[in-house]
Amino acid sequence: MNFCSIRASLPAEGLHVLRLILVPRTKMRLFHTENIMAEEYNPYNPIVMDHFLNPRNMGDLEDADGIGEVGAAACGDIMKISLKISDDGKISDARFKTFGCGSAIASSSMATELVKGKTIEEALKVTNKNVVDALGGLPPVKIHCSVLAEEAIKAALDDYIKRHPEKAALVAANKHKA
């Protein structure tokens, strides 16, 4: 049996989707959906869609103080988060580059928003649940994307601490105070 695929482009005037049900080529049927944002056709809420379609803080930071890269090409999602940390120990900027699905991009975008302005200690406490909650939820099969975002933040902060060992003692002291 031969199966076929379809490549569709999104027209400038709005989001439209061609949905394909994989059936033998002789029985192929196409379905056109006018509104991708409608709940019956979209498992993602408007916040997730907004962060996917309009990601915040995308790109690299020149002279980043800490960089965390997690994931594997074999599983399909790779996330890189770069942080700029000011002298007072607060995250002044955060950027991401993500190779992955819409949930991975939205999770990366939200994670950078969550850590900006936080101290290192506060950012270390950001969890995947915080990312999911801020996004208004993710489908259960996409929770791993928020886990990658948490891991990328922690990897970037660990990188910062390794590059600045003098800050490690301050971070450890502040952890014990909390």
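Just so it is clear, the structure is predicted and the values come from calculations on it, not from any experiment.

Parameters and conventions
- Numbers given to residues run from 1 along each chain, matching the order in which its sequence is written.
- Local features in this predicted model are restricted to residues whose pLDDT is 70 or higher, and side-chain atom pairs enter the listing and the counts only when it is 80 or higher, whereas totals over whole chains, interfaces and linings include all residues.
- Processing note: side-chain calculations cover all non-hydrogen atoms of the structure and skip hydrogens and water entirely.
- The term salt bridge refers to a pairing of a side-chain nitrogen on Lys or Arg with a carboxyl oxygen on Asp or Glu at a separation within 4 Å.
- Segments assigned H or I by DSSP are reported as helices when at least four residues long, segments assigned E as strands when at least two residues long, and all are numbered from the N terminus.
- Only protein chains enter the accessibility calculation, which uses a 1.4 Å probe. A residue is then buried if its area is under 20% of the maximum for its type, exposed if over 50%, and partly exposed in between.
- Directions pointing from the helix axis toward each C-beta atom define the arc.
- Strand pairing is assigned whenever DSSP identifies at least 2 bridges connecting the two strands.

Colleague: Run through the pattern of salt bridges, naming residues and quoting values.
Modeller: Scanning the model with the defined rule gives eight salt bridges in all. Here Lys97 and Asp60 are joined by a salt bridge, their closest N and O atoms 3.0 Å apart. Of this pair, Lys97 sits in strand E5 (residues 91-99) while Asp60 sits in the loop between helix H1 (46-53) and strand E3 (66-72), and the two are 37 residues apart along the sequence. Owing to a relative accessible area of 44%, Lys97 belongs among the partly exposed residues under this scheme. With a relative accessible area of 39%, Asp60 lands in the partly exposed category. Two residues, Lys154 and Glu150, come together in a salt bridge whose shortest N-O distance is 3.4 Å. You can see Lys154 and its partner Glu150 sitting in helix H5 (residues 143-163), four residues apart, about one turn around the helix. Accessibility expressed as a relative area gives 23% for Lys154, which makes it partly exposed. Residues participating in the shared-partner salt-bridge network are Asp60, Lys80 and Lys97.

Colleague: Could you give an account of helix H4 (residues 128-135), with specific residues and numbers?
Modeller: Burial in H4 covers these residues: Val131, Val132 and Leu135. Taken end-on, H4 shows its buried residues confined to a sector of 95°, consistent with a single buried face. Gly136, located one to two residues past H4, shows a positive phi value of around 80°.

Colleague: So, the pairing of strand E4 (residues 77-85): which residues are in play, and what are the values?
Modeller: Of the pairings in the sheet, the one linking E3 to E4 comprises seven bridges and is antiparallel in character. Bridge pairing in E4 places Ala72 opposite Asp77. Hairpin connection between E3 and E4: a loop of four residues separates the two successive antiparallel strands, and Gly76 in this loop has a positive phi of roughly 105°. Sheet topology places E4 next to E5; eight bridges connect them, and they run antiparallel. When the bridges of E5 are listed, Ile81 appears paired with Phe96.

The values are spatial; any link to function lies outside them.
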